[in-house]
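Fold and geometry: a report
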Amino acid sequence: MKIIQITDTHLMLSGQSVNGVDPEKHLRATMADILAKHADTDLLVMTGDLCNYGDPEAYDILRDILAPAPFDVRLMLGNHDDRANFIAAFPDHPRDSNGYIQSYLDTDFGRLIFLDSHEAGVIGGIFGDDRLAFLADALASAGDKPVTVFIHHPPMDCGIAHFDKIGMHDDGAVMRLLAAHKGGIRHIVFGHIHVPLAGTSAEGIAFSSGQACAHRFITDLTSPTPFWTSGNPCYRIITLDAQGFRAYGVEVGEVVTGQAPVCDGP
């Protein structure tokens, strides 16, 4: 199964920039590359901060950019989004019984669970009892199937000073639920931190973030005030198959400096 992850697109109104980047231009370049090279994609997942201010007009731009996609799309909310405006723009997008943008999808390689950590006016993630009930049910009904989780806010400490107080505000509840799943957690995929990160939690659960498609941080683990930078539009190719989970970072617009020869091996 091929999944494309795009994260932290931060769409503004057309022609507007955020932290030195035109996010619409970046996302249009990203989608053009995906459509040209990965039309066989099974699923596109956008892991939150779709729009920088949650403007209705920005969601209209997102809908226009996604319109040519020949594959299924799951959109997720981040702290910069607006739930009401998102639902108005995407009224048929899957939601749980409480109106959160949460759902799951069963595949040949386990269950994919999409979680909503957005709370209006909060930079960090919120995951209270009502959202936890959805996750508990999704895990229980998965039975022995392995689970891959998609969420905007990392539900573990990411080890970056800037995010010390704006991570997930759940006292570890999400990770405790995931760690108890008898089928195992294949991976947790998230955004929010605007830098690529891969690791394993104290519970032994593998996790990773995608690079932000729009502006990103210059990686600095200790500064509470890191610098923004630009960089190429980007996305990740995620594969789920008999070999497990793999994720590959892709940048759009890289300069070719040569070509490697065929390596025949031993």
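Residues numbered from 1 in each chain as written. Predicted model: local features only at pLDDT ≥ 70, side-chain atom pairs only at ≥ 80, totals over all residues. Heavy atoms only, no water.

Comments concerning the sheet that holds strand 14 (residues 234-241)
Taken together, the five strands give an open sheet; going across it, the order is 3-2-1-14-15, and neighbouring strands pair in mixed fashion. Across the chains shown, the open sheet's two edge strands, defined by having one partner strand only, are strand 3 (72-76) and strand 15 (244-251). Across the sheet, the axes of successive neighbouring strands diverge by a mean angle of 20°, strand direction being ignored. Helix 1 (residues 23-37) contacts strand 1 (2-6), strand 2 (43-47), strand 14 and strand 15 of the sheet and is inclined by roughly 170° relative to strand 1. (Pairing = 2+ DSSP bridges. Helix = DSSP H or I, 4+ residues; strand = E, 2+ residues; numbered from the N terminus. Axes fitted to C-alpha atoms, helices over the stretch in contact; angles between N-to-C directions. Contact = heavy atoms within 4.5 Å.)

Thoughts on the packing of helix 1 against helix 2 (residues 56-66)
Viewed as axis vectors pointing N to C, helix 1 and helix 2 meet at an angle of 20°, and their least axial separation amounts to 10 Å. As summarised for this structure, helix 1 and helix 2 are arranged roughly parallel, according to the angle between their axes. When the axes of helix 1 and helix 2 are compared, the crossing they make is right-handed. Residues Glu24, Leu27, Arg28 and Met31 of helix 1 touch helix 2, and the partners they reach there are Ile61, Leu62, Asp64, Ile65 and Leu66. When its residues are assigned to classes, the contact of helix 1 with helix 2 shows six nonpolar, no polar and three charged. (Parallel < 35°, antiparallel > 145°, perpendicular 65-115°, else oblique. Left-handed = near helix turned anticlockwise from the far one by under 90°. Nonpolar A, V, L, I, M, F, W, Y, C, P; charged D, E, K, R; others polar.)

So, the environment of proline 56
Relative to the helices and strands, proline 56 resides in helix 2. Expressed as a C-alpha distance, the spacing of proline 56 and serine 17, which sit 39 residues apart in the sequence, is 17 Å.

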